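In case you want the letters, here they are:
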Amino acid sequence: MAIVQPIEADKGRRSLKISSPATMEKIGEVPVTTAAEVREAVARARGAQPLWAAKSFADRAKVMFRAVDILRAEQERYLSVLMRETGRSHFETLMMEVFPACDSLTWYAVNAERILVDKKPSLHLLKTKKLLITYRPLGVCGIITPWNGPFILGLNPAVQALMAGNAVVIKPSEVTPFSGALVGELFRAAGLPEDVLTVVHGDGETGAALVDSGVDKISFTGSVATGRKVGEACGRNLVPCTLELGGKDAMIVCADADLERAAGGAVFGSFFNAGQYCCGTERVYVVEAVAEEFTRRVVEKTRELRQETTGEFDLGPMIWPRQLETIERHMADAVTKGATVLVGGKRNAAAGELFYEPTVVVDVTHDMLLMQEETFGPILPIVKVKDDEAAIALANDSTYGLSGTVWSKDEVRAVGIAKRLDTGSVCINDSSITYGACEAPFGGRKSSGVGQVNGEIGLKGYCHAQPIVIDRFGTKKELVWYPYTADKEKVLQRVIRWVWGTPIGRWMS
Ligand code: NAD
């Protein structure tokens, strides 16, 4: 059974019926926002934005702090909506959604003014002028999100866009609309003025309508295939966008790694959110000297994992049948080509219809789908390599470049390897947690994305940095103004010779 089913509701309006991936029970129905309604939401947001932008950073921050208070006070209600729609455990939902939401709301509330306050850098050459850089909000930002972090992946960009003075229209994934709607609910309760943030619902059609609705920026998180379509539409509309897309993250285990920590990191990195994590560990390259012991520990830890629907457990279900089909296709290809399954390797029907056992695979080769395409499931393929060089070459031989991890007790060696990985970010001796570090710019390379979100760069991405150059002395005219004369040219030549032809001139530059 599908988790999201289109149904015809009242007066021909499309609705989506949503079911729990853990129990398959119906959760509810969500009316789809039409393209005309999306445009209306954007128009209302445009009307509300100037008043919001006119507020001080401190006033905007107050809304964020109130949102934290509400989220903390009503945590269980928020968690129950999220858990019902994703099937994740209480702990994982708290850790992945509520914890980073509190951090994001607070960090940007505290730091936005420092980052976005007008800057006055001194000019190295044009000494008769001064420069002011002012960070102006873009207007209305469209945020399109996936299902695998259905609250935080809408909230985090929204906080940044709002603190920068924008209005926001969010289109959550059609698979997790109730979790996405929590973002709107939270800001409304926190006192955000009406229409400054709206949540619209639906599938790709609604997402495409938002991209074409006249917004001033699109912040998209999702698959490579959809990212290409969104990027094309933004190009056509001349609208800036960030595209946060899929990955095939590699983990490199060096000979001097702490094997206990590395094995624990591999298991967490691969099975977190049942493997449905953009920066999940999808490939492990371990140096042959420690491969046997590392693999033994990984298998041991994997066997201990609990997969349930209630109580204390570690792994939940796949979000929908489509995800399960990808996993089974990749596993069948791997086994046909000679891979050996050490643990798992099949559905966990006892837990429920959409559960797949946490799986460790060896005898894996680079040509297998498991090593080439994003699996997005609880599969941990381990490849033995001769040395660090072989690991780096294989890790980089991918169309993806989102993140990756390096495990070694020698920080210099690990950083050296990290700097050679063609990925947006790298973690050393930890699974990929970069998205959770507010200060860290986050974004993929190659097919994994365009642009960066989060931190100073991300926040400034919701603004136009407008330089204002001001004349300082008010003289009657400038040297370069008309008339052009031979004498003026001599002066200009002298300046060129002095500024770019002498050590002191270069030093001043
Ligand atoms: P998806 O691309 O299928 O959908 C993402 C969103 O785009 C949904 O809201 C969907 O309704 C919408 N959409 C679909 N077609 C559209 C169109 N033509 N125009 C505009 N919007 C459209 O992705 P998904 O299956 O929901 O999410 C899983 C993917 O997201 C994985 O590939 C994962 O790696 C990636 N992801 C990336 C990051 C990151 O930060 N790089 C984070 C989380 C997830």
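Residues numbered from 1 in each chain as written. Predicted model: local features only at pLDDT ≥ 70, side-chain atom pairs only at ≥ 80, totals over all residues. Heavy atoms only, no water.

Engineer: What am I meant to see in the overall build of the protein here?
Structural biologist: Along the protein, the regular secondary structure elements total 17 helices and 18 strands. For a compact globule of 509 residues, the expected C-alpha radius of gyration is about 23 Å, and the protein comes in at 26 Å, within 12% of that figure. With respect to the principal axes defined by its C-alpha atoms, the protein has extents near 85 × 65 × 40 Å. Looking at the protein as a whole, 53% of its 509 residues are labelled buried. For the protein, long-range pairs separated by at least 24 residues make up 70% of all intrachain contacts whose partners lie at least 6 apart in sequence. Of the roughly 22800 Å² of accessible surface on the protein, 56% is carried by carbon and sulfur atoms. Across the protein, 59 positive and 62 negative side-chain charges occur, with their mean positions spaced 10 Å apart. (Helix = DSSP H or I, 4+ residues; strand = E, 2+ residues; numbered from the N terminus. Rg over C-alpha atoms; globule rule 2.2 N^0.38 Å. Buried < 20%, exposed > 50% of the residue type's maximum accessible area, 1.4 Å probe, protein only. Contact = heavy atoms within 4.5 Å. Areas by Shrake-Rupley, 256 points an atom, 1.4 Å probe, with all protein chains shown as cover. Lys, Arg positive; Asp, Glu negative; His and termini not counted. Charge placed at Lys NZ, Arg CZ, Asp CG, Glu CD.)

Engineer: Explain the layout of surface pockets to me, please; I cannot follow it from the model alone.
Structural biologist: Over the atoms, a rolling probe the size of a water molecule traces out where space has been left empty. Considered as a void within the structure, the second largest pocket measures approximately 470 Å³ in volume. Around the second largest pocket, the lining is made up of 18 residues, and of these Leu125, Leu126, Leu479, Leu492 and Val495 lie nearest the centre. Where the lining of the second largest pocket is concerned, the elements lending two or more residues are α16 (486–501) and α17 (503–508). At six residues, the largest contribution of residues to the lining of the second largest pocket is made by α16. Among the residues forming the lining of the second largest pocket, the class breakdown is eleven nonpolar, four polar and three charged. (1 Å grid on protein atoms, 1.4 Å probe; cavity = no way out; pocket = protein on both sides within 12 Å on 5 of 7 lines; lining within 4 Å. Points joined across faces, edges and corners; volume = space filled by probe spheres on them. Nonpolar A, V, L, I, M, F, W, Y, C, P; charged D, E, K, R; others polar.)

Engineer: Explain unusual backbone geometry here, please?
Structural biologist: A negative phi angle characterises most non-glycine residues, just as the trans form characterises most peptide bonds. Here Tyr482 and Pro483 are connected by a cis peptide whose omega angle stands at 0°. Within the secondary structure, Pro483 is located in the loop between β18 (463–471) and α16. Even without being glycine, Asp195 reaches a positive phi, approximately 75°. Along the chain, Asp195 falls in the loop between α6 (177–189) and β7 (197–199). Since its relative accessible area comes to 23%, Asp195 is described here as partly exposed. One non-glycine residue, Ala274, lies in positive phi territory at about 55°. Along the chain, Ala274 turns up in the loop between α9 (259–271) and β11 (281–287). For Ala274, a relative accessible area of 1% gives the class buried.

Engineer: So what exactly am I meant to see when it comes to the side chain of Gln307 here?
Structural biologist: Examined against the element boundaries, Gln307 turns out to sit in the loop between α10 (288–303) and α11 (321–336). Overall, the relative accessible area of 10% leaves Gln307 in the buried class. Among the polar contacts made by the side chain of Gln307, one reaches the side chain of Asn348 at a distance of 2.9 Å. Among the polar contacts listed, one links the side chain of Gln307 to the backbone oxygen of Tyr356, at a separation of 2.7 Å. (Polar contact = N/O pair within 3.5 Å; in protein donor to acceptor, adjacent residues only side chain to side chain.)

Engineer: Looking at this structure, how should I read the packing of helix α3 (residues 75–86) against helix α4 (residues 90–116)?
Structural biologist: How two helices sit against one another is set out by the angle between their axes and by the gap between those axes. Axis separation between α3 and α4 bottoms out at 10 Å; the angle between their running directions is 105°. As the angle between them shows, α3 and α4 are arranged roughly perpendicular. Counting all contacts with α3, which are made through Gln75, Glu76, Leu79, Leu82 and Met83, the residues of α4 involved are His90, Thr93, Leu94, Glu97 and Val98. Of the residues contributing to the contact of α3 with α4, the split by class is five nonpolar, three polar and two charged. (Axes fitted to C-alpha atoms, helices over the stretch in contact; angles between N-to-C directions. Parallel < 35°, antiparallel > 145°, perpendicular 65-115°, else oblique.)

Engineer: Mind showing me how you'd approach the site of the ligand here?
Structural biologist: Lys171, Glu174, Ser223, Thr226 and Glu374 are the nearest of the 29 residues found near the ligand. At a separation of 3.4 Å, a nitrogen atom of the ligand approaches a polar backbone atom of Ala208. Here Glu374 contributes a side-chain N or O atom positioned 2.6 Å from an oxygen atom of the ligand. For the ligand, whose free accessible area comes to 860 Å², the fraction covered by protein is 91%. Of all the secondary-structure elements, those providing two or more residues to the shell around the ligand are α7 (204–211), β8 (217–221) and α8 (224–237). (Near = heavy atom within 4 Å.)

Engineer: Please explain the packing of α9 against α10 as it appears in this structure.
Structural biologist: One way to put it is that α9 packs onto α10 with a least axis distance of 9 Å and a crossing angle of 50°. Overall, the two elements α9 and α10 adopt an arrangement that is oblique. Seen from above, α9 lies across α10 with right-handed handedness. Along the contact surface, α9 presents Leu259, Glu260, Ala262, Ala263, Gly264, Ala266, Val267 and Phe271, while α10 presents Val290, Glu293, Phe294, Arg297, Val298, Lys301 and Thr302. (Left-handed = near helix turned anticlockwise from the far one by under 90°.)

That's the geometry; what it means functionally is another story.
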